[in-house]
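# Per-entry structural report
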Amino acid sequence: MARGIEIREAHFPGRAPIEAYGNGGFRFADMSHRGSILCLPSGIYGWDVTGDAALTPALFEKVLAETREIEFLLVGTGMEIRPLPADLKAALRAADVSSDPMSTGAAVRTYNVMLAESRAVAAALIAV
């Protein structure tokens with residue numbers, strides 16, 4: 001029996017540089033995603049976060065689950081740089097992950113360079 005459309009969590013099972021960003025989304029691995037993304041060692045995931053969302057540790061649950069493979073977390077906070085809340089920085093620091101908030105454009109560029117250098121990097125990128 002034919003089933004209807006199946007909606008699954010957005011996920012690309014691998015690491016890939018970000019080819020483009022803007023217009024509310026990202027291009028990577030010859031695909032596009034509308035909305036924010038998490039780039040983790042286990043893959044690239046859709047991330048239900050907008051530019052005005054409070055950045056809580058709960059939003060970074062997937063990141064915190066993979067901290068053994070992450071040394072640096074780049075947080076693209078949109079068009080403008082926003083500081084990370086103290087509780088989020090403390091959770092990352094407790095897992096030995098350095099975090100750096102920056103504009104999404106700067107985070108994309110830095111992520112691509114660090115990925116090309118085979119560094120243990122992850123990125124949380126808010127769509128612009």
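Rules and cut-offs
- Residues numbered from 1 in each chain as written.
- Predicted model: local features only at pLDDT ≥ 70, side-chain atom pairs only at ≥ 80, totals over all residues.
- Heavy atoms only, no water.
- Core = buried A, V, L, I, M, F, W, Y, C linked by side-chain atoms within 4.5 Å.
- Buried < 20%, exposed > 50% of the residue type's maximum accessible area, 1.4 Å probe, protein only.
- Helix = DSSP H or I, 4+ residues; strand = E, 2+ residues; numbered from the N terminus.
- Contact = heavy atoms within 4.5 Å.
- Phe/Tyr/Trp six-rings, centres within 6.5 Å; stacked < 30°, edge-to-face > 60°.
- Lys NZ or Arg CZ within 6 Å of the ring centre and 35° of its normal.
- Pairing = 2+ DSSP bridges.
- Axes fitted to C-alpha atoms, helices over the stretch in contact; angles between N-to-C directions.
- Polar contact = N/O pair within 3.5 Å; in protein donor to acceptor, adjacent residues only side chain to side chain.
- Right-handed = clockwise from strand over helix to strand, strands pointing away.
- Salt bridge = Lys/Arg side-chain N within 4 Å of Asp/Glu carboxyl O.

### Examining the nonpolar core
Among the nonpolar cores identified, the biggest contains 19 residues, and Leu-38, Leu-40, Trp-47, Leu-55, Phe-60, Val-63 and Leu-73 are the most heavily contacted of them. When residues of this core are traced back to their parent elements, those giving at least two are strand 5 (36-40), strand 6 (43-47), strand 7 (72-76), helix 2 (86-94) and strand 9 (121-125). Look past the residues within four positions of Trp-47 in its chain and what remains in contact with it is Ser-36, Ile-37, Leu-38, Leu-59, Phe-60, Ala-124, Leu-125 and Ile-126. If you look at the next biggest cluster of nonpolar residues, it comprises 18 residues, including Ile-18, Phe-26, Leu-74 and Val-108.

### Regarding the packing of aromatic side chains
Counted under the stated rule, the structure contains two aromatic pairs. Between Phe-12 and Phe-28 the ring centres are 6.0 Å apart and the planes differ by 65 degrees, which places this aromatic pair in the edge-to-face class. Separated by 16 residues along the polypeptide, Phe-12 in strand 1 (residues 11-12) and Phe-28 in strand 3 (residues 25-28) bring together distant segments of the chain. Comparing Phe-12 with Phe-28 shows no difference in burial state: the two are buried. Plain terms: the ring middles of Trp-47 and Phe-60 are 5.3 Å apart, the flat faces sit at 70 degrees to each other, and that makes the pair edge-to-face. Of this pair, Trp-47 sits in strand 6 while Phe-60 sits in the loop between strand 6 and helix 1 (61-65), placing them 13 residues apart in sequence. The two residues Trp-47 and Phe-60 agree in class, both being buried. Over the aromatic face of Tyr-45 sits the side chain of Lys-62, whose NZ or CZ is 5.0 Å from the ring centroid.

### Quick look at the sheet that holds strand 1
Whether parallel or antiparallel, the strands of a sheet pair through hydrogen bonds between backbone atoms. Sheet architecture is open: six strands sit in the order 1-6-5-9-7-8, paired in mixed fashion. What marks the edges here is a single partner per strand, and that holds for strand 1 and strand 8 (98-102). Summarising the sheet, strand 7 and strand 9 pair through five bridges and their orientation is parallel. Bridge pairing in strand 9 places Phe-72 opposite Val-121. Its contacts with the sheet place helix 3 (residues 104-116) against strand 5, strand 7, strand 8 and strand 9, and it is angled at close to 150 degrees to strand 7.

### With respect to the environment of Thr-50
Within the secondary structure layout, Thr-50 lies in the loop between strand 6 and helix 1. Of the polar contacts made by the side chain of Thr-50, one reaches the side chain of Asp-52; its length is 2.6 Å.

### Side note on the pairing of strand 8
Taken together, the five bridges between strand 7 and strand 8 define a ladder with parallel strand orientation. Considered in strand 8, the bridge of Leu-73 is made with Ser-99. Of the crossover connections in this fold, the one passing from strand 7 over helix 2 to the parallel strand 8 is right-handed.

### Some details on the pattern of salt bridges
If you walk through the whole model with that rule in mind, you get one salt bridge. Arg-119 is the partner of Glu-117 in a salt bridge, and the nearest nitrogen-oxygen pair spans 3.2 Å. By relative accessible area, which is 46% here, Glu-117 ends up partly exposed.

### Details of the sheet that holds strand 4 (residues 31-34)
Within the open sheet, the three strands sit side by side as 2-3-4. Their pairing is antiparallel. One side of each edge strand has no neighbouring strand; the edge strands of this open sheet are strand 2 (18-22) and strand 4. If you compare each strand with its neighbour and ignore which way they point, the axes differ by 15 degrees on average. Bridge count for strand 3 against strand 4 is four bridges, and the pairing is antiparallel. From the neighbouring strand, Phe-26 faces strand 4, where its bridge partner is His-33. Those strands touched by helix 3 are strand 2 and strand 3, and its axis lies near 180 degrees from that of strand 2.

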